[in-house]
Amino acid sequence: MYLQIPEPSRPISAKIVDIWRWTNTIGHSVTLLILGVLLYFDHHNNWVSWIDNVLYILIGLFIISAVYSIFIEPSILQKSWRYEISEEFVQLKHGRFNQYHTLIPMTKVEYVTTDQGPFLRKHELFNLKIGTTTSSHNIPALPKEEALMLRSQIARYAKVKDTDPEGEDVE
Amino acid sequence: MSSQPKRYHAAWLLFELVSFIKNAFFFILFLFILRADTYTGWILWAKVLFIIFAGWTILNIILKWFFQTYQIKNRTIILREGVYVKNQRVVPIERIQNHQTHTNFLHRMLKLTSLTLETGSSDSEASVTFSVITHEEARHILHLIEEKEVMESEAEEGKQKSGTTVYFRSTKKDTSKAALTSFSFLAIFPILAAVYFQLDDFFNLDKSTENIFHYFSEHLWLLFPLFILAMILSAGIGYIQTVIKYGNYTISADAERIYIRKGVGNTSTFSIQKNKVQAIKINQSLIKRLLNMVEVKMVSAGGTGDEKLETNALYPFMAKHDAYELINLLLPAYHIEESMKRLPQKVLYLKLLAPYYGTIAVGIGLFMFQREWLWITGVIFLLGILSRILDYFFTSYLRHGEFIQTRKGGFSNETFLTRRQRIEQIEIKHSWLQRKFNVASLQFSNRSKPVLISELDDLPKEDAAEFYTWYGSRT
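Residues numbered from 1 in each chain as written. Chains lettered and ligands numbered in written order. Predicted model: local features only at pLDDT ≥ 70, side-chain atom pairs only at ≥ 80, totals over all residues. Heavy atoms only, no water.

1. Focus: the overall build of chain B
Summing up its helical and strand segments, chain B has 16 helices and 21 strands in all. Sorting the 475 residues of chain B into buried and exposed places 44% on the buried side. Once local pairs closer than 6 in sequence are excluded, the contacts in chain B between residues at least 24 apart make up 58%. (Helix = DSSP H or I, 4+ residues; strand = E, 2+ residues; numbered from the N terminus. Buried < 20%, exposed > 50% of the residue type's maximum accessible area, 1.4 Å probe, protein only. Contact = heavy atoms within 4.5 Å.)

Now the structure itself:
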């Protein structure tokens, strides 16, 4: 452990690895396809020479990024994701090379939502979004029961501030 | 307390019209004054189009005014507007945290003012603005807002609602200092140059003289009285400008609120609830640093986002010592420490070692498009190194008690102070390279508009961990 801090312990679903592989494959294929079409028009219509170079560089970069985000990143990201929800705090941690630790007090939570796209729906998974006044945070790929349970739990914990006006008048 | 829906003061129409004419000034000048006699070709078309557009705008202003109402009912402000699409906003009075008034020249002539009420939220509809309102009505609304605080404070074990105390009133000396510090008197130099060359034309001096120094030395006598005159004139103009903006600066406060009033001619007032102050920012430009002056700003959750008003600052030209004392008096919940912790020396090497993405991007771009300008990359690289060194030397931080205090900057610096309860969230990030140097980056955010995110890069990892546990150990 690099930092001497209490770390969150709960993992996200392992099924997300395949889902991320698929969505990243689709995203990168579409981008590469568009670049390919541009390259075709470039050769066909003899555009200015520098467009050529830019397109080749972009295609090169996208192939490298595709290899990384389809074959390497999903499993690393899934393995490194941890979250913890207590009565007082939401704690998130993710990333291997760049590691992120986030700490949000329950009193600052403004809303909590769950959502799912077609891929998540197929595996009965949900994203859990936690919003504060300054930003919103996403815990990806939680099994259905867990996501719904957490959603109502956070809503209950965050509601504490109703008795404590705005949760910020405490001096 | 309730009232019927009311339209805004009829002078609103006049204000909108004036602002329309101001915006269209150059079109009017060009089409109807400079080209007044031309009725052919595209000028004719432009004139016709402009008249149609102006008619449409004026009609819209009238319709907008007609359909726009406000109503105060059951301790909420209900705003209705929209000619084609109706829109209704309900703002509970309890939500209002700050209020500002601003009286410009036109307001003053018509004995009116403008009033802005700020709520705590950070979205685009966070504030309610009455751009034209009578003083009486403004007082009435403010009274409603403050009524709630009296009730609140009475609930707090009958805390006495003491009268307001004036803590600061700017003197003539302060204003002169402000005029000097803002360098407004230097604005004369471009004017001076212009005048000199005008004179040059007038006396029909020999244009063919190649040696400009020779040229100057011959007419130096002319320059001298002119220079004195110009300095006096410009100091005068600068002083008047400063008086208009910062004259009669008064800071007062009672148990709950801080009141700021400033300006001569264009008067602005600002009021903020003490316990809604999210953080304090202290800015020092290079010149203020030399004169040992500071500008103290109170960060609040609402904010109109209008930089022009900038009334959330305590007097921007206050001596450092006085300013700190004033903060302690006004906001006992905040305490500024002078000595702070610096980053360890190894961080300098880390900062210099981190990838130079900007330089690389510029380099590649120039290599592809403008190879003869490739040397610019070197300049960017040197600037990058310089800014990293400055960044290292001027970053400092401190965590004491309930506070976290950071300082950043190079030639000018900014100190930021906030309390644990005011921090919305924190994030610690460390990259592979940072781990090799045993450091991490800390980021924390405060409510404001726009959201205020403070970053502290490359802290020793023990300190970063300590911040994290400190924030996580709230009671």
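Having seen the structure, we can now continue with the description.
2. Some thoughts on the sheet that holds strand β8 (residues 165-169) of chain B
Residues and elements named next belong to chain B. The strand order β7-β6-β5-β11-β10-β9-β8 describes an open sheet built from seven strands, whose pairing is antiparallel. Strands at the two margins of the open sheet, each flanked by one partner only, are β7 (127-134) and β8. Between one strand and the next, the sheet's axes are offset by a mean angle of 15°, whatever the strand orientation. Contacting β6 (112-119) and β7, helix α1 (residues 11-23) crosses the sheet at an angle of about 105° to β7. (Pairing = 2+ DSSP bridges. Axes fitted to C-alpha atoms, helices over the stretch in contact; angles between N-to-C directions.)

3. Some details on the nonpolar core
One broad rule of soluble globular proteins: the nonpolar side chains tend to lie buried together. All names here are of chain B. Counting 32 residues, the largest nonpolar core has L442 and L459 as the members making the most contacts within it. Those elements that provide at least two residues to this core are α12 (346-353), β19 (423-430), β20 (439-446), β21 (452-460) and α16 (461-472). Per-element tally for this core: the top contributor is α16, with six residues. Apart from the residues within four sequence positions on either side, L442 is in contact with I404, E427, I428, S454, E455, L456, L459 and F467. Formed by 31 residues, the second largest nonpolar core is a distinct cluster that contains L314, F317, Y324 and L417. (Core = buried A, V, L, I, M, F, W, Y, C linked by side-chain atoms within 4.5 Å.)

4. Side note on the environment of L92 of chain A
All names here are of chain A. Its place among the elements puts L92 in strand β2 (residues 89-94). Put simply, L92 and E7 are 85 residues apart on the chain and 8.4 Å apart in space, counted from C-alpha to C-alpha. Not counting chain neighbours up to four residues away, the residues in contact with L92 comprise P8, W81, R82, Y83, Y100, H101, T102, H137 and I139.

5. Examining helix α13 (residues 357-369) of chain B
Residues and elements named next belong to chain B. Along its 13 residues, α13 runs 18 Å from first to last C-alpha, staying within 8% of the 18 Å computed at 1.5 Å per residue. Among the residues of α13, those classed as buried are T359, G363 and L366. Looking down the long axis of α13, one finds its buried residues gathered within 75° of arc, a one-sided arrangement. Of the surrounding elements, those touching the buried residues of α13 are α14 (375-394). (Expected span 1.5 Å × (residues − 1). Arc of directions from axis to C-beta.)

6. A short note on the pairing of β20 of chain B
Residue and element names in this part refer to chain B. Burial of β20 is extensive: seven of the eight residues sit out of reach of the surface. Here β19 pairs with β20 via six bridges, running antiparallel. The residue bridging I426 from the neighbouring strand is F444, located in β20. As paired elements, β20 and β21 share seven bridges and run antiparallel to each other. Residue L442 lies in a different strand from β21, and its bridge partner there is L456. What sits between β20 and β21 in their antiparallel hairpin is a turn of five residues.

7. Focus: the packing of aromatic side chains
Residues and elements named next belong to chain B. Overall, the coordinates contain 22 aromatic pairs over all chains when judged by the stated rule. Taken together, a centroid distance of 6.2 Å and an interplanar angle of 20° make the contact between F30 and W42 stacked. Pair noted here: F30 is in helix α2 (residues 25-34) and W42 is in helix α3 (residues 41-67), with a separation of twelve residues, a long-range link. For W42, a relative accessible area of 58% translates into the label exposed. Among the aromatic residues, those joined into a ring-pair cluster are F168, Y246, Y249, Y315 and F317. Here R7 stacks its cationic end above the ring of W65, 5.7 Å away from the centre of that ring. We note R371 situated over the ring of F367; from NZ or CZ to the ring centre the distance is 4.2 Å. (Phe/Tyr/Trp six-rings, centres within 6.5 Å; stacked < 30°, edge-to-face > 60°. Lys NZ or Arg CZ within 6 Å of the ring centre and 35° of its normal.)

8. Looking at a nonpolar patch on the surface
All names here are of chain A. A grouping of W22, I26, V30, L33, I34, V37, L38, Y40, F41, W47 and F119 is seen on the molecular surface, where their side chains present a nonpolar patch of about 1,100 Å² in accessible area. Of all the elements, helix α1 (residues 16-45) adds the most residues to the nonpolar patch, at nine residues. Considering the arrangement of structural elements, one finds Y40 in helix α1. (Patch = residues over 30% accessible without salt bridge, like charges linked within 9 Å, V, L, I, M, F, W, Y side chains within 5 Å. Areas by Shrake-Rupley, 256 points an atom, 1.4 Å probe, with all protein chains shown as cover. Salt bridge = Lys/Arg side-chain N within 4 Å of Asp/Glu carboxyl O.)

9. Some thoughts on the pattern of salt bridges
Evaluation of the coordinates by the stated rule reveals 14 salt bridges over all chains. K93 of chain A is the partner of E7 of chain A in a salt bridge, and the nearest nitrogen-oxygen pair spans 3.5 Å. Here the residue E7 of chain A occupies a position in the segment before α1, and K93 of chain A occupies one in strand β2, the gap between them amounting to 86 residues. Here E7 of chain A falls in the partly exposed class, since its relative accessible area comes to 28%. Judged by relative accessible area, which is 14%, K93 of chain A ranks as buried. Between R399 of chain B and E466 of chain B there is a salt bridge; the shortest N-O distance is 2.4 Å. With a gap of 67 residues between them, R399 of chain B in strand β16 (residues 396-400) and E466 of chain B in helix α16 connect regions that are remote in the sequence. Each member of the salt-bridge network shares a partner with another, and the members are K320, E338 and R407 of chain B.

10. Side note on the sheet that holds strand β14 (residues 318-319) of chain B
All names here are of chain B. The seven strands lie next to each other as β14-β13-β12-β18-β17-β16-β15, forming an open sheet whose pairing is antiparallel. Across the chains shown, the open sheet's two edge strands, defined by having one partner strand only, are β14 and β15 (341-342). Two strands pair when backbone bridges link them, and strand β13 (residues 293-300) and β14 are joined in this way by two bridges, in the antiparallel orientation. Its bridge partner lying in β14, M293 is registered against A319.

11. Some thoughts on the interface of chain B and chain A
Each side of the interface is counted separately: chain B has 39 residues, and chain A has 34 residues. A combined buried area of about 3,300 Å² lies between chain B and chain A, and 52% of that area is made up of carbon and sulfur atoms. The largest share of the area that chain B buries against chain A comes from E424, H430 and Y468 of chain B, three residues that together contribute 20% of it. In this assembly, chain B and chain A are joined by one salt bridge. K108 of chain A serves as the salt-bridge partner of E424 of chain B, at 3.4 Å between the closest nitrogen and oxygen. Connecting chain B to chain A are 17 residue pairs in polar contact (both at pLDDT 80 or more). For the side of chain B that touches chain A, the elements supplying multiple residues, two or more each, are α13, β19, α15 (432-436), β20 and α16 of chain B. Ranked by residues supplied to the side of chain B that touches chain A, first place goes to β19 of chain B with eight residues. Residue composition of the side of chain B that touches chain A, by class: 13 nonpolar, 15 polar and eleven charged. Sheet topology places strand β3 (residues 99-105) of chain A next to β19 of chain B; five bridges connect them, and they run antiparallel. (Buried area = accessible area lost by both parts, 1.4 Å probe. Polar contact = N/O pair within 3.5 Å; in protein donor to acceptor, adjacent residues only side chain to side chain. Nonpolar A, V, L, I, M, F, W, Y, C, P; charged D, E, K, R; others polar.)

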